[in-house]
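Geometric and topological summary
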Amino acid sequence: MSSASQLPSVYEPGSVESKWYDYWKENNYFAPDEDRSRKPFSIVMPPPNVTGSLHLGHALDNTLQDILVRWRRMQGYNTLWLPGTDHAGIATQAKVEESLVQEGKTRYDLGREKFLERVWEWKRLYGNRITKQLSLIGSSCDWSRERFTMDEGCSHAVRKVFVDLYKKGLIYQGDYIINWCPKCNTAISDIEVDHEDSDGHIWYIKYPVDGSDEYLVVATTRPETMLGDTGVAVHPEDERYQHLIGKQVVLPLVGRKIPVFADDYVDREFGTGAVKVTPAHDPNDFEMGVRHNLERIVVMNNQAAMNENAGPYAGMERQECRRQVIKDLEKQGCLLKVEDHSHAVGHCQRCDTIIEPMISKQWFVKMKPLAKPAIEAVVDGRIRFVPERFTRIYLNWMENIRDWCISRQLWWGHRIPVWYCDDCGEVICSTTDPDQCQKCQSANLRQDEDVLDTWFSSALWPFSTLGWPDKTNDLEYFYPTSVLVTGRDIIFFWVARMIFSGLESTQQIPFYDVNIHGLILDGQGRKMSKSLGNGIDPIEVIEKYGADTLRFSLITGVTPGNDIRFHWDKVENTRNFANKIWNASRFVLMNMEGYQPINLEEKDLNLADRWILSRLADRVNEITGQLENYDLGEAAKNLYEFIWDEFCDWYIELAKPRLQSSEQERLVVQNVLRDTLVEILRLLHPFMPFLTEEIYHYLPGHSNTIMLDPWPQPGKAWPEAVAAMQQIMQVIRAIRNIRAEFNIAPGAKITAILQVGAENHLAMLENNKEFIENLAGVKDLQIVKQLNQKPAQAGSALTGVAEIYVPLEGIIDVDKEIARLEKELKNAAMDLEKAQGKLNNNNFLSRAPKEVIDKEKAKADEALAKKEGILQRLEILRG
């Protein structure tokens, strides 16, 4: 055991945190043991991208998981927190391609094989940065089981799932409208598109009706796509266009004749009620094209430049083409008018480029058959969302789900396990690379060029990481996992896909609970972004304040599912809290001389002892319940209040005189202080692991690590002691308030008179009068049942058990205090007059924002209360 004198006067997290993390890892404390008779608790870490570095979202997400894991570990569960990283197809390939640009090369100069070698080398050099940073915040995951979405085991699982779904007819290839990112140069899924409101225009274009002088006016927000029009749609009940249905119009600039047809999709209220239809460049037009057998003409290439089908516009970038098309329409007299129009435009989530809907041959997963059991698992309660409101969000998406485009036009990723025979055209889907065609035995095979969407492998994460499809011990014991902790922004990306993938491949749910947390915003409630320059680097916070301070400041005030605002003052407050714990622990340790552990009996304990032990029992119950309900922010708040207010500010102060008392009294107090502090450290450990481990090792009777100590159980409680102590604390606070109101010097010893009517209260206060004298600075405490005469010039207060009087004569300079209060009264009156003046001004009330008006009302209320309080004190002083 370390000696108490070695506990430094100041807590320096930088010298503590790496020491203890290395100690935990070296002793294998993070790993589950082989005892499979114990109840398991397992979490799979949402795998961060190998391209990533720690941001506040990661820090929050992993802190929440670490709290749950450390808590369950202390409760005796056999815990597994399984870490890993995601190969991040688009992002990682972009990183390596950027490095090639510096060399004047492209991936095509290297070829696929050499390029992939470069990517693996990049991953080896930089891919573990994020995991090292996760260690800095104290993540107690089992690093010996770390996985990667493209390691051998995960790759085997990906292939098996693809082949299984393919053979069931749930994976298919077809021409379909997809979201194409011209910069990333690949398809992306619907949920990877951010729709941002944009100020644009509606162009009204005249399409001449073939064989007549009449023309049909269509309205469009994208005139450049008209080059690929193959029809015009109107609503079947729109009387304006009944005579044109079945006829043809001539496409301006192109001269192609296209049909006019009726379709219920058309919104009669938008524009003119006539819609140009470009099946190859709009998802809704594509569906109409399928229904009406329209030709599909692609007019752009993969870089969103016009292709050969655009005729004279070929080679133009899409915005350039738009400008030229509008000019040419004006020249031909076909542009009727232009209107301003705000509408949502899809942007790539990764690079912010405007998405181009394009028809393309892609691989898809049929979602309806997979969605049905995934919906049932949530509806019947096998999977629970916390908070519950996210259940409806999940179900709404699943009930309206579209087929999932899973192919990506990349080289980095899980290559689609499909081969084509160039001799007979056979398509082979296999978990292993085939040597020859199964139909014609030709060796002339060519593998599909595309790779799978990164989320395809992530969807298998809860079971692929545990060894599936092999029947491993880990899979049998730890699956389904206990809880998934993740942000609200990836319910569709990841959570839903894990649920239907788990049910399809393992016939089991992947997890029992889904604990959803919000996003971290800046102090003004904005998302953190590079463009706003409002991001916070958690590593810098750790270097300055320590990981425990970052962790506790992030979760304090967190409510499940709600966004969190980051405030620096919360970080400062948490740093102060850590210092408060450190200094309280130093006090306890410095008073451990002669300490011997004893079995505390009720007869040994005074009121303060019974009160703190009762409050500890209450807090243990409350905090354990809050953790069970994933209300981690409330649990942190509960701990904060108990440690700072009840233990440090009250019990330690009540204990100080007793430490100088008899040997037996000192021994009792030492045991209560030590035992309470140990339980506090155990309660706090999941939240602030480094600080608690450091202090714990200085305390007498510590074990090898606090992280394997048992979670506190509620001890005996004395409700009557809690009630009595609260009454005494009310009296102490009331006397302290009188001292503050009348500006009594902190060191001045005063007289206080308590008039107490009830006999039981009288005895209780008399038996514990030293608490009031010591903590309220009272030299003469008089407790009486009835006062013959109330003292003149005395501050007074009323609590639930006593009328309190503090005579002021001889304690303060009355004339000086009257002068001070009169000055304060004048200022308060001025403040009140100023605020009321604004509130009586109709011009101010009609123009000012509500929050400004409310602020003035609060000022007026505060000034009025202050004025009335000063008048009362002046009345007392003037007699």
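Before going into details, it helps to say that this report is about the structure given with it. This is a predicted model, so every value here is computed, not measured. (Residues numbered from 1 in each chain as written. Predicted model: local features only at pLDDT ≥ 70, side-chain atom pairs only at ≥ 80, totals over all residues. Heavy atoms only, no water.)

1. With respect to the overall build of the chain
Worth spelling out the cut-off: Only DSSP runs of H or I with at least four residues qualify as helices, and only runs of E with at least two residues qualify as strands; both kinds are numbered from the N terminus onward. It is over C-alpha atoms that the radius of gyration is taken, and the globule rule equals 2.2 Å times the number of residues to the power 0.38. Per-residue accessibility, obtained with a 1.4 Å probe over protein chains only, is compared with the maximum for each type, and a residue is labelled buried under 20%, exposed over 50%, and partly exposed between these values. Should any heavy atoms of two residues lie within 4.5 Å, those residues are considered in contact. Note on areas: Shrake-Rupley with a 1.4 Å probe; residue coverage comes only from the protein chains shown. In summary, the charge assignment counts Lys and Arg as positive and Asp and Glu as negative, without counting His or the chain termini. Here the site of a charge means atom NZ of a Lys, CZ of an Arg, CG of an Asp or CD of a Glu.
Of the regular secondary structure elements, the chain holds 28 helices and 29 strands. In terms of C-alpha radius of gyration, the chain reaches 36 Å, well past the compact-globule figure of 29 Å for 879 residues. With 879 residues in all, the chain has 55% of them scored as buried. Considering only contacts in the chain between residues 6 or more positions apart, those separated by 24 or more positions represent 77%. Just so you have it, the chain exposes about 39,500 Å², and 47% of that area is on carbon and sulfur atoms. Once the 102 positive and 127 negative side-chain charges of the chain are each reduced to a mean point, those two points are 2 Å apart.

2. What to know about unusual backbone geometry
Residue Pro387 is reached from Val386 by a cis peptide bond, and omega for that bond is 0°. By the element assignment, Pro387 lies in the loop between strand S15 (384–386) and helix H11 (389–399). A cis geometry characterises the amide bond from Trp468 onward to Pro469, with omega recorded as 15°. In this model, Ala304 sits at a positive phi of 65°, which is unusual for a non-glycine residue. Checked against the element boundaries, Ala304 lands in the loop between helix H8 (283–292) and helix H9 (318–332). Given a relative accessible area of 3%, Ala304 falls into the buried group. Positive phi, normally seen in glycine, also occurs at Tyr630, with a value near 60°.

3. A word on the pairing of strand S12 (residues 274–277)
To be explicit about the condition: Strands are labelled as partners when DSSP assigns at least two bridges between them.
Residue alternation in S12 divides its side chains into two sets, Ala274 and Lys276 and Val275 and Val277, and both sets are buried. For strand S9 (residues 231–234) and S12, the ladder comprises 4 bridges, and the chain directions are antiparallel. For Ala233, the partnering residue across the bridge sits in S12 and is Val275.

4. Here's the deal with the environment of Val254
Within the secondary structure layout, Val254 lies in the loop between strand S10 (248–250) and strand S11 (257–262). For Val254, a relative accessible area of 37% gives the class partly exposed. Distance in space between the C-alpha atoms of Val254 and Asp229 is 9.7 Å, their sequence separation being 25 residues.

5. Quick word on the environment of Ile516
With respect to the element layout, Ile516 can be found in strand S23 (residues 511–517). For the pair Ile516 and Asp194, spaced 322 residues apart in sequence, the C-alpha separation works out to 21 Å. The residues contacting Ile516, other than those within four sequence positions of it, are Phe385, Val386, Pro387, Phe390, Thr486, Gly487, Arg488, Ile491, Pro560 and Gly561.

6. A short note on helix H6 (residues 129–136)
All of the buried residues in H6 are Ile130, Thr131, Gln133, Leu134 and Ser135. Against the buried residues of H6 lie helix H1 (17–26), helix H2 (56–74), strand S3 (84–85) and helix H16 (538–545). Once H6 finishes, Gly138 follows within two positions and takes phi at roughly 95°, a positive value.

7. Observations concerning the nonpolar core
Using the following cut-off: Here the nonpolar core consists of buried residues drawn from Ala, Val, Leu, Ile, Met, Phe, Trp, Tyr and Cys, with membership extended through side-chain atoms lying within 4.5 Å.
The biggest cluster of nonpolar side chains holds 144 residues, and the ones touching the most others in it are Phe647, Tyr651, Leu673, Phe687, Ile735, Leu754 and Ile772. Ranked by residue count, the leading element in this core is helix H20 (residues 632–655), at 13 residues. If we ignore the near neighbours within four places in the chain, the residues touching Ile735 are Ile750, Ala752, Ile772, Ala776, Val778, Ile804 and Val806.

8. Some details on helix H7 (residues 152–167)
So the rule is basically this: Take the number of residues in a helix, subtract one, and multiply by 1.5 Å to get its expected span. Here a polar contact is taken to be a pair of N or O atoms separated by no more than 3.5 Å, where protein atoms must pair a possible hydrogen donor with a possible acceptor and residues adjacent in sequence count only if both atoms sit in side chains.
Between its first and last C-alpha, H7 extends 23 Å over 16 residues, near the 22 Å set by a 1.5 Å rise per residue. For H7, every residue scored as buried is listed here: Cys154, Ala157, Val158, Arg159, Val161, Phe162, Val163 and Leu165. The residue sitting at the N-terminus of H7 and contributing the capping side-chain oxygen is Asp151; that oxygen lies 3.3 Å from the backbone nitrogen of Gly153. Downstream of H7 by one or two residues, Gly169 has phi in the positive range, about 80°.

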